[in-house]
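# Notes for the structure review
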Amino acid sequence: MSVTVLGSGTWGTALTILLANKGTDVILWSKIESEIRALETDRKNIKNLPGAVLPDSVKLTTDLEYAAKSSNPEIIVFAVASPYVRETAKIAAPFIKDGQVIVNVAKGIESGTLDTLSDILNEEIPNADIAVLSGPSHAEEVSRLIPTTVVVAAKTRETAKLLQDAFMTQTFRVYTSSDIIGVELGGSIKNVIALAAGMSDGLGFGDNTKAALMTRGIAEISRLGVKMGAQIETLCGLSGIGDLFVTATSHHSRNWNAGYLIGQGKTAQEAMDEVKQVVEGVYCAKAANALAKQYNVEMPIVEQVYAILFEGKAVKEAVTDLFMRERTDEHSAVAWTK
């Protein structure tokens, strides 16, 4: 099998290593020439992937036409960060053959249009077969072949099975799903809740607080997801609860790290500058807050994170406002008998 990976960031490189170690012919593309040159120079000391080794079999290129067309890949992996998916899709579109299987592995929602990343790919490359892959999967661990489990969602079972077979290894288990919107929303909005979890730790709060944030956070994600057509089972699975757990509790998480710095008093921009990677939750907070209003869904944690990031609200004030909201039942669907 031949696979092209677009995007040589940590996640794209980690998946390239996974596929190459399986014996797959992989081309790794980046628009940024310095990233490709760094990988060509040293395949054993990869930025942000300590201990990982990029196999010699991987071809590296900055030529998008070669990567997407000339090599005739069976699968194209879109691994560029969410803010750059539309731009990359536009320039790749002329080189994409009809029916090309494309699997997006980035997580996010476009703030201006409120499109999911699969929406963007379907708009910009309408002749392709678009799927998504998500789940609790730190790139640092996947690159070192540490056991990981994800879910791939596609329009047809045939495409889902193709991708399952392509990515499945002894250390990377892949489940299939038909719920594309559920997989995308879980993987995207959990980053906002992970920011909140990092803020909680930055303030010096404990496990109780983080457990509350995560539990009520998945409730918010589920309310919005169901309104948008997702299945509750998906949001309670790997791309929902699973991904939220790993992102909100691990120091590997750029979202948790950015939140931690904000909790300690830094601005959102200062936190992103220090993390030195794209912090998807910052971008997604704006989109998630807008979606909550559009679908008339109550998402108080998302609302408070938005206020901290974009309205200058103090983190401690946001915590107080969350706790002093109107009293309510935990689950409105659980009825009283008396």
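Preceding this paragraph is the structure being described.
Every chain's residues receive numbers from 1 upward, in the order its sequence appears when written. Local features in a predicted model are, by the rule used here, given only for residues with pLDDT of at least 70; side-chain atom pairs are given and counted only at 80 or more, and totals for whole chains, interfaces and linings are based on all residues. To get the side-chain values, take all heavy atoms of the structure and skip hydrogens and water.

## Describing the overall build of the chain
Counting from the N terminus, the helices are the DSSP runs of H or I reaching at least four residues and the strands are the DSSP runs of E reaching at least two. Each helix and strand in the chain was counted, giving 16 helices and eight strands. Compactness check: the chain gives a C-alpha radius of gyration of 20 Å against a globular reference of 20 Å for 338 residues, within 12% of the reference. C-alpha extents for the chain along the principal axes are approximately 65 × 40 × 35 Å. Each residue is placed in one exposure class: buried if its accessible area under a 1.4 Å probe, protein chains only, is under 20% of its type's maximum, exposed if it is over 50%, and partly exposed if it falls in between. Every one of the 338 residues in the chain was classed for burial, and the buried ones make up 55%. Note on definitions: a residue-residue contact is assigned when non-hydrogen atoms from the two residues lie within 4.5 Å. Put simply, of all contacts in the chain between residues at least 6 apart along the chain, 72% involve residues at least 24 apart. All accessible-area figures derive from a Shrake-Rupley calculation using a 1.4 Å probe, and residue coverage is judged against the displayed protein chains alone. Of the roughly 15,400 Å² of accessible surface on the chain, 50% is carried by carbon and sulfur atoms. Within this scheme the basic residues Lys and Arg register as positive and the acidic residues Asp and Glu register as negative, but His and the chain ends are omitted. Lysine's charge is taken at NZ, arginine's at CZ, aspartate's at CG and glutamate's at CD. Between the centroid of the 32 positive side chains of the chain and the centroid of its 40 negative side chains there is a distance of 2 Å. For the radius of gyration, the atoms used are the C-alpha atoms, and the globule rule reads 2.2 Å times the number of residues raised to 0.38.

## Focus: the nonpolar core
We call a set of buried residues a nonpolar core when its members are Ala, Val, Leu, Ile, Met, Phe, Trp, Tyr or Cys and they connect through side-chain atoms within 4.5 Å of each other. Formed by 45 residues in total, the largest nonpolar core has its most connected members in I189, L195, M199, I262, V305 and L309. Among the secondary structure elements, those contributing two or more residues to this core are α8 (180-202), α9 (207-227), α11 (238-249), α12 (254-263), α13 (268-275), α14 (280-294), α15 (300-310) and α16 (315-323). The greatest single-element share of this core, amounting to nine residues, is contributed by α8. Discounting chain neighbours no more than four positions away, the residues touching V305 are V192, L195, A196, M199 and A285. V5, A131, V152 and A166 belong to the second-largest nonpolar core, a separate cluster that totals 38 residues.

## Digging into the environment of T24
Mapped onto the elements, T24 comes out in the loop between α1 (10-21) and β2 (25-29). The class for T24 is buried, based on a relative accessible area of 9%. A C-alpha to C-alpha distance of 20 Å links T24 and T176, two positions 152 residues apart in sequence. If we ignore the near neighbours within four places in the chain, the residues touching T24 are M1, V3 and L19.

## Remarks on empty space enclosed by the protein
A cavity here means a set of points on a 1 Å grid, drawn over the protein atoms and nothing else, where a 1.4 Å probe fits but cannot get out; a pocket is an open set with protein on both sides within 12 Å along at least five of seven lines, and a residue lines either one if it has an atom within 4 Å of a point. Grid points are joined across faces, edges and corners, and a volume is the space filled by probe spheres set on the points. The final tally for this structure, using the stated rule, is one cavity of 30 Å³ or more. When its volume is computed, the largest cavity comes out at roughly 60 Å³. In this structure, the largest cavity is lined by N104, A106, K107, G108, L117, V132, L133, S134, V183, E184, G187 and S188. Mapped onto the lining of the largest cavity, the elements with two or more residues apiece are β6 (129-134) and α8. At four residues, the largest contribution of residues to the lining of the largest cavity is made by α8. Three residue categories are used. Nonpolar comprises Ala, Val, Leu, Ile, Met, Phe, Trp, Tyr, Cys and Pro, charged comprises Asp, Glu, Lys and Arg, and polar comprises the others, including Gly. Taken together, the residues of the lining of the largest cavity sort by class into five nonpolar, five polar and two charged.

## So, the sheet that holds strand β1 (residues 2-6)
With respect to topology, eight strands assemble into an open sheet ordered β3-β2-β1-β4-β5-β6-β7-β8, the strand pairing being mixed. Looking at the sheet topology across the chains shown, the edges are occupied by β3 (59-61) and β8 (172-177). Averaged over all pairs of adjacent strands, the angle between their axes in this sheet comes to 25°, without regard to strand direction. Any two strands with at least two DSSP bridges between them are considered paired. Summarising the sheet, strand β7 (residues 148-153) and β8 pair through six bridges and their orientation is parallel. Within β8, the position partnered with T148 by the bridge is F172. With respect to the sheet, helix α7 (residues 157-167) is in contact with β4 (75-78), β5 (101-104), β6, β7 and β8, its orientation differing from that of β8 by roughly 175°. Across the sheet, α11 lies against β6, β7 and β8, angled at about 145° from β7, the strand it touches most. Axis lines are fitted through C-alpha atoms, for helices just across the contact stretch, and the angle between N-to-C directions can take any value from 0 to 180 degrees.

## Description of the packing of helix α4 (residues 85-92) against helix α5 (residues 117-124)
Viewed as axis vectors pointing N to C, α4 and α5 meet at an angle of 25°, and their least axial separation amounts to 9 Å. The orientation of α4 relative to α5 falls into the category roughly parallel. Between α4 and α5 the crossing geometry is right-handed. Here α4 contributes V85, R86, A89 and K90 to the contact with α5, which in turn contributes L117, I120, L121, E123 and E124. When describing relative orientation, an angle under 35 degrees is termed roughly parallel and one over 145 degrees roughly antiparallel, while 65 to 115 degrees is termed roughly perpendicular and anything else oblique. Helix crossings are classified by the rotation of the near helix relative to the far one: an anticlockwise turn of less than a right angle makes the crossing left-handed, while a clockwise turn makes it right-handed.

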